[in-house]
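Structural overview for review
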Amino acid sequence: MTKPKISRRSMLKAVALTPVMQPAIVSRAMAADEAALNGVAGIDRVAVLPGKTYLRGWAGYGDPPRPVRAGRGAQPVAPPVPTGPTPTVTWSKASGPGAVAFDNPKSPITTATFTTPGAHVIKLTVENGQATASSTLNVQVETPPPAKQLDAVYTKNFKVASPLWNARTKALMVNWIPHCIEYINRTDLTQGPGGIDNFVEAGKALRGEPHGNHKGYVFSNAWVHQTVEAMSIALMIDPQGDAETVKAHEKMRATLDDWIPKILAAQEPDGYLQTAFTLPRVNGRGDVTPGPFKHWERRGDHEGYTAGYFLESAINHYLMTGKKDARLYNAAKKLADCWYNNLGPAPKKAWYDGHQEMEQALVRFGRFVNDMEGGGKGQKYVELAKFLLDNRNAGSEYDQSHLPVTQQYEAVGHAVRAVYTYSGMADVAVETHDPDYQSAVKSLWDNIVNKKYYLTGGVGSGETSEGFGPNYSLRNAAYCESCSSCGEIFFQWKMNLAYHDARYVDLYEETMYNALLGSTDLEGTNFYYTNPLDANEARTAWHVCPCCVGNIARTLLMLPTWAYAKSADGVYVNMFVGSTINLENVGGTDVQMVQATNYPWDGKVTITVNPKVSKNFSLRIRAPQRNVSSLYHGTPDTSGITSLAVNGTAVKPAMDRGYAVIARAWKAGDKVEVVLPLKVQRVRASGMIEATRNKVALRYGPLLYNIEQVDQDITKSLNADSPLTTEWRGDLLGGVMVIQGKFADGSPMMAIPNFARTNRDPAAPPPPAGPPPGADTRPPRRPATSIVWIKEG
Ligand SMILES: [Zn+2]
């Protein structure tokens, strides 16, 4: 640290971090404070062996140049004029179990390589002949993830048998998806327009017929493709004779019959598909620019964003039809080929899209093509995904193009773009075993989970444009867009596949039950674009930007993929959802997995394992751990499994990376009975987060709880040691477990699950989108009516 000098401008400083971070002198102090608070060492970044870490130190006088942090087009602030002699810099190892080699220890921008796993501190020292200053960086060095990742379980016909999930999936199928279909079919929307009509008009344009203009945002094709995927998944859910679900399924089948030819007719002869490029566009003043538009010219046109959702929709449509209807699948290959033929190393074009999605979609689709057709036919799509990521550089933090992705260690910018990037990077890390990718992915993961993560599992404080704020800056009026919750689930799921570690499932389960499940109301007729922890408004039927509408449904319905993973030697039970799900090719046989449980209302789970042929394989059952993020700590401890029995005999299984492992010869009808501990927990946050100081949150299993103004005065406080109990309330909110207690003043307190929040107070419509006419600023935020963090003491 610097010694106090005459003026701040003249202070000699060393900053050992990338320009995207706060000055290390500040960050280092934070890490130390956090260590004191939580008993864990703060990590600035992770280096995965044998990789290197990229160092972008800075030495000078006054404050270092500010990174490009704000929205589109923001420029970095120029560095201060030197007020002293030119300093010299030296990198060195301050502590750590292994050797550290610097590529050029005398250059502020260089790399460091490590030999040994463990916590390392490296130091940047500067001197100018009169004074010295130094700054440090904490690097956690790790061994690489296993060579082979777990296999994803494709979503195929399945049955849900869970009170909570039956109700949620039914609301999505019977109300939400039909609602999305209706809005996408409408041609009269003034807010959030641009549905199937864009495809119809683009088809006309391609046939040389008179046609209309493109409607809505350039990316409006996205929610059509997402809804196709949501319908395809919904149609794989057994209606079990429920008349309303059967009727909704009929509507979805008829809609797919109607939409698919319209979507395909909008595909250009070379495979390109994006109706905003085929049709004339109209700007806000009503000026029309005739199409077609040149492809891959502008980064803000969401070409990859819409193309990616189309590729993804084709996967579940193909699976839903039992691989019999290949129309979307073939069209998706044609689109992916069009991209592959045009973008890539010279002589092809170098490019990247300003809104990520194509990267993760290309990997998902490439693997799917490999699985369907063999011979590595999808590998070129995976290559293109890496190429698109590798091209991100020299842009802004807003779309994560400020640095090469392998040199990004802090989650910044627009939250959906960010988590989609990291999810795509996690895919590429697994595919290539590139340690630079692995290091960046693990660093970004650590930064999100331990510095920028809400207790709901949501991300994005909204302090930058729809994006991430600084470390530990987690205001409760959070942004937490529903799409960023989807992306967060994809990212954590991929980390589970890569690391075979249950803690990533702990995290995506948290996001799913809290940040995402409550994005629609219980009826499934309205939704939240943003999901702040201090809720203060009602959901809306549509949004000026309906990017989340299909994403919410397709993500929540894909239960087989979230509930299980598999490896060459066994099955991973990741989520506890009453269901019947078929897994293909486990230890050489197909296995039907049946879960009977009322989780998360009850901790008893019975898993029946039905292999087609008796086989030896291992069953790994996740032992939940609720305190994964070091930002939050729940008490009493409810981690692990209470008891486990196989065919009535209690067993004490070996534990491996958060899973209880049962390896045996399995035959049809074998039963595993698991009891998971469910207790009311009080959760407290790290003192580093200002918004949650002197506050407490309540949790039961994976479910976070809210207190609502409709039941009580939510400004009251709760004593730290007052008893809390649970009660099943079948009459409330479709049946929920409530948490009851008393506020400090003795009046009753009742908390309901966060996903069921704001379902009983329709009195508060959302505020107008902008400032009222004549006003300079938006009206102040209305007081919250439903909150996660309760005053304590
Ligand atoms: Zn969205």
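Residues numbered from 1 in each chain as written. Predicted model: local features only at pLDDT ≥ 70, side-chain atom pairs only at ≥ 80, totals over all residues. Heavy atoms only, no water.

Secondary structure assignment for the chain yields 16 helices and 35 strands. At 26 Å, the chain has a C-alpha radius of gyration in line with the 28 Å of a compact globule built from 793 residues. In terms of its C-alpha atoms, the chain occupies a principal-axis envelope of roughly 80 × 70 × 65 Å. Across the 793 residues in the chain, those meeting the buried criterion constitute 60%. A sequence separation of at least 24 residues applies to 70% of the contacts in the chain between residues at least 6 apart. As displayed, the chain offers around 28,600 Å² of accessible surface, 53% of which is attributable to carbon and sulfur atoms. (Helix = DSSP H or I, 4+ residues; strand = E, 2+ residues; numbered from the N terminus. Rg over C-alpha atoms; globule rule 2.2 N^0.38 Å. Buried < 20%, exposed > 50% of the residue type's maximum accessible area, 1.4 Å probe, protein only. Contact = heavy atoms within 4.5 Å. Areas by Shrake-Rupley, 256 points an atom, 1.4 Å probe, with all protein chains shown as cover.)

Take the side chain of R620 next. Within the secondary structure, R620 sits in strand β20 (residues 615-622). When sequence neighbours within four positions are dropped, the list of residues in contact with R620 reads D569, V571, Y572, V573, D656, Y659, A660 and V661.

In an α-helix there are 3.6 residues to a turn, and that puts residues three or four apart on one side. Counted at 1.5 Å a residue, the expected span for helix α7 (residues 303-320) with its 18 residues is 26 Å, and the 26 Å between its end C-alpha atoms agrees. Along α7, 18 of the 18 residues are buried, which leaves the element largely enclosed by surrounding structure. Of the residues flanking the end of α7, it is G322, one or two places downstream, whose phi is positive at about 65 degrees. (Expected span 1.5 Å × (residues − 1).)

With that out of the way, let us pick up the coordination of the zinc ion. Octahedral six-donor coordination of a metal ideally yields angles of 90 or 180 degrees, compared with 109.5 degrees for tetrahedral four-donor coordination. Distances from the zinc ion to its protein donors, E481 (OE), C483 (SG), C547 (SG) and C548 (SG), fall at 2.1 to 2.3 Å. Every donor residue of the zinc ion comes from the same chain, spaced as E-x1-C-x63-C-C. Within this pair, whereas C483 is found in helix α13 (residues 482-499), its partner C547 is found in the loop between β14 (534-535) and α15 (549-557), the two being separated by 64 residues in sequence. With respect to burial, C483 and C547 carry one shared label: buried. (Donors = N, O, S within 2.8 Å, 3.2 Å for Na, K, Ca; no water.)

Membership of the largest hydrophobic core comes to 217 residues, with the highest contact counts inside it found for W165, W339, M575, M593, I621, V672 and M749. Those residues in contact with W339 that sit more than four places away from it in its chain are Y272, W296, E303, G304, A307, W351, M358, L384 and L388. Formed by 17 residues, the second largest nonpolar core is a distinct cluster that contains F114, L124, V126 and V141. (Core = buried A, V, L, I, M, F, W, Y, C linked by side-chain atoms within 4.5 Å.)

The subject of this paragraph is the sheet that holds strand β9 (residues 132-142). Taken together, the four strands give an open sheet; going across it, the order is β2-β9-β8-β5, and neighbouring strands pair in mixed fashion. Here the strands that pair on one side only, and so sit at the sheet edges, are β2 (45-48) and β5 (88-95). Pairwise comparison of adjacent strand axes, ignoring direction, gives a mean angle of 35 degrees for this sheet. Examined bridge by bridge, strand β8 (residues 118-127) and β9 share ten bridges and lie antiparallel to one another. (Pairing = 2+ DSSP bridges. Axes fitted to C-alpha atoms, helices over the stretch in contact; angles between N-to-C directions.)

To continue, consider the sheet that holds strand β10 (residues 151-152). Pairing is mixed across the open sheet formed by six strands, whose spatial order is β10-β15-β16-β20-β25-β24. Each of the sheet's edge strands pairs with one partner strand only, and the pair in question is β10 and β24 (654-656). Relative to strand β25 (residues 659-666), β20 runs antiparallel, the two being bridged by eight bridges. Bridged to F617 within β25 is R664.

Here strand β19 (residues 604-611) lies mainly inside the structure; seven of its eight residues are buried. With seven bridges connecting them, strand β18 (residues 589-597) and β19 associate as antiparallel partners. Across the sheet, residue A596 finds its bridge partner in β19, namely T606. Counted along the chain from β18 to the antiparallel partner β19, the turn is six residues long. Relative to strand β26 (residues 670-675), β19 runs antiparallel, the two sharing six bridges. When the sheet's bridge partners are listed, K604 is paired in β26 with V675.

Okay, the confidence of the model for the chain next. Of the residues in the chain, 91% reach a pLDDT of 70 or more, and the chain-wide mean stands at 91. In the predicted structure, residues 1-8 sits below a pLDDT of 50 and forms twelve contacts with residues beyond four places in sequence or in another chain. Across residues 18-41, where pLDDT falls below 50, the model places 60 contacts with residues more than four positions away in sequence or in other chains. (pLDDT = per-residue confidence, 0-100.)

This part takes up the pairing of β25. As paired strands, β24 and β25 are joined by three bridges and run antiparallel to one another. Residue D656 lies in a different strand from β25, and its bridge partner there is Y659. What sits between β24 and β25 in their antiparallel hairpin is a turn of two residues, with R657 showing a positive phi close to 45 degrees.

Turning next to the packing of helix α3 (residues 196-206) against helix α5 (residues 243-265). Direction vectors running N to C along α3 and α5 enclose 45 degrees, while the axes themselves pass 7 Å from each other. When the interaxial angle is binned, α3 and α5 end up oblique. Viewed along their axes, α3 and α5 form a crossing whose handedness is left-handed. Where α3 approaches α5, its residues I196, F199, V200, G203 and L206 are matched on the opposing element by W259, K262, I263 and A265. Split into classes, the residues belonging to the contact of α3 with α5 amount to seven nonpolar, one polar and one charged. (Parallel < 35°, antiparallel > 145°, perpendicular 65-115°, else oblique. Left-handed = near helix turned anticlockwise from the far one by under 90°. Nonpolar A, V, L, I, M, F, W, Y, C, P; charged D, E, K, R; others polar.)

What follows deals with the packing of helix α4 (residues 221-234) against α7. For the pair α4 and α7, interaxial distance at closest approach is 8 Å and the crossing angle is 15 degrees. Compared by their axis directions, α4 and α7 come out roughly parallel. Where α4 crosses over α7, the handedness of that crossing is left-handed. Packed against α4, whose contacting residues are N221, A222, H225, Q226, V228, E229, S232 and I233, the element α7 presents Y305, T306, Y309, F310, E312, S313, N316, H317 and M320 at the interface. Here the residues of the contact of α4 with α7 are counted per class, giving seven nonpolar, eight polar and two charged.

On to the packing of aromatic side chains, then. The full count for this structure, using the stated rule, is 34 aromatic pairs. These aromatic residues form a ring-pair network of at least three members: Y217, F219, W223, Y305, Y309, Y420, F490, W493, Y508 and W562. Above the plane of the ring of W666 lies R664, whose end atom (NZ or CZ) is 5.0 Å from the centre. (Phe/Tyr/Trp six-rings, centres within 6.5 Å; stacked < 30°, edge-to-face > 60°. Lys NZ or Arg CZ within 6 Å of the ring centre and 35° of its normal.)

Attention now goes to the pattern of salt bridges. When the charged atoms of two side chains lie near each other, side chains of opposite charge can form a pair. A full pass over the atoms with the stated rule returns 47 salt bridges. A salt bridge links D670 to K667; its shortest N-O distance comes to 2.9 Å. With a relative accessible area of 1%, D670 lands in the buried category. Taking relative accessible area as the criterion, K667 reaches 44% and is therefore assigned partly exposed. Of the charged contacts in the structure, one is a salt bridge between D711 and R760, with a shortest N-O distance of 2.6 Å. Taken as a pair, D711 in the loop between β29 (703-708) and β30 (717-718) and R760 in the loop between β33 (748-753) and β34 (786-787) lie far apart in primary sequence, 49 residues in all. On the basis of relative accessibility, which here comes to 24%, the residue R760 falls in the partly exposed class. One salt-bridge network, in which partners are shared between bridges, spans E229, E312, R364 and R554. (Salt bridge = Lys/Arg side-chain N within 4 Å of Asp/Glu carboxyl O.)

Residue P50 follows L49 across a cis peptide bond; omega there is 0 degrees. Along the polypeptide, P50 turns up in the loop between β2 and β3 (52-56). The omega angle of the peptide bond from Y599 to P600 is 5 degrees, so this bond is cis rather than trans. Relative to the elements of secondary structure, P600 occurs in the loop between β18 and β19. Of note, the phi angle at N694 is positive, near 60 degrees, even though the residue is not glycine. Its place among the elements puts N694 in the loop between β27 (680-685) and β28 (695-700). Classification of N694 by relative accessible area gives exposed; the value is 63%. Residue T758 is not a glycine yet carries a positive backbone phi of 45 degrees. Here T758 is to be found in the loop between β33 and β34.

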